[in-house]
Amino acid sequence: MKRFSLIGFLLALFGAMTLGLTGCPETDDDDTAGTDDDDAVDDDDAVDDDDAVDDDDAVDDDDAVDDDDAADPFVFTDFSALTLDQADRAGMPAVSTALILDPGRKAVYNGAGPGEDADGDFVGDIVGALEAFHGGLDDDLVGLNLTPCAVSTKAGLDVLPCVTQNVAKGVTVQDLVIPDVVTIVPAAPAGFPNGRALADPVIDVTLAVILLDLTAHGADTFAALPLNPAANDVPFQPGFPYLAPPHE
């Protein structure tokens, strides 16, 4: 009887140890697909195990091992921009194209930056271009019942009112043109000149703010004329890179 009791006790003890070990597995228990074991082994399901082993599923595990999920379709270079030569710039559309008229000065302008703009390096070029535009176009604008922003004086055309007039609250035309950058104010309504959407008629707006008296006409005056295409020739894409594929 004593021997039988000892064998029964050992069997019972072994069974208890086995239950204790299987209650907290350290390996994949091949349970229902979609359930995370939170262990160090791949569960072969579609749920992130948050471990250091590749799960071979479609979900990123946030670990250091390749998950065999979708590859990034965009590959960007990491070289320094300081190794490049600047050949153009267009933060504010049409400034380089329309307001820097001399070809030699245009090359200098395109190689410069906001720092040179703020220093006033190109103020004379911009003022001279405005004087030329208003001298040649103001009669035509008046003939279209539009009010130019330039003012005639005994000394000639004064274009200062054109650059000091407000485009939006606290924002003048000069603020848009100098420095030549894209400005985005998140709290303000989106759309050019507050940022720039792909479909914004940026040239029409730019010409309106440098040619028209904005107290009499809106910045969208030229854009509202039936002279422009109603839309892009190919629809924009809803996701990045948003532009339509190039024509073949």
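The preceding data block contains the structure.
Residues numbered from 1 in each chain as written. Predicted model: local features only at pLDDT ≥ 70, side-chain atom pairs only at ≥ 80, totals over all residues. Heavy atoms only, no water.

1. Topic: the environment of Val167
Then step 1. If you trace the backbone, Val167 turns up in strand β3 (residues 166-168).
Then step 2. Each C-alpha atom of the pair Val167 and Pro193 lies 8.7 Å from the other, and the pair is 26 residues apart in sequence.
Then step 3. If sequence neighbours within four positions are ignored, Val167 has contacts with Thr172, Val173, Leu176, Pro193, Val209 and Leu214. (Helix = DSSP H or I, 4+ residues; strand = E, 2+ residues; numbered from the N terminus. Contact = heavy atoms within 4.5 Å.)

2. What about the state of the cysteines?
Such a bond, covalent and formed between the sulfur atoms of two cysteines, is termed a disulfide.
Then step 1. Tallied over the entire structure, the rule returns one disulfide.
Then step 2. Residue pairing for Cys149: its cysteine sulfur links by disulfide to Cys162, the two sulfurs lying 2.1 Å apart. Taking the sign of the torsion about the S-S bond as the criterion, the disulfide between Cys149 and Cys162, at about 100°, is right-handed. Separated by 13 residues along the polypeptide, Cys149 in the loop between α5 (123-143) and β1 (151-153) and Cys162 in helix α6 (residues 160-164) bring together distant segments of the chain. The pair Cys149 / Cys162 is uniform in exposure class, with both members buried. (Disulfide = S-S within 2.5 Å. Buried < 20%, exposed > 50% of the residue type's maximum accessible area, 1.4 Å probe, protein only.)

3. Thoughts on the pattern of salt bridges
Then step 1. If you walk through the whole model with that rule in mind, you get two salt bridges.
Then step 2. Close ionic contact of Asp125 with Arg105 constitutes a salt bridge, the shortest N to O distance being 2.8 Å. Residue Asp125 is found in helix α5, and its partner Arg105 is found in helix α3 (residues 103-111); the two are separated by 20 residues along the sequence. (Salt bridge = Lys/Arg side-chain N within 4 Å of Asp/Glu carboxyl O.)

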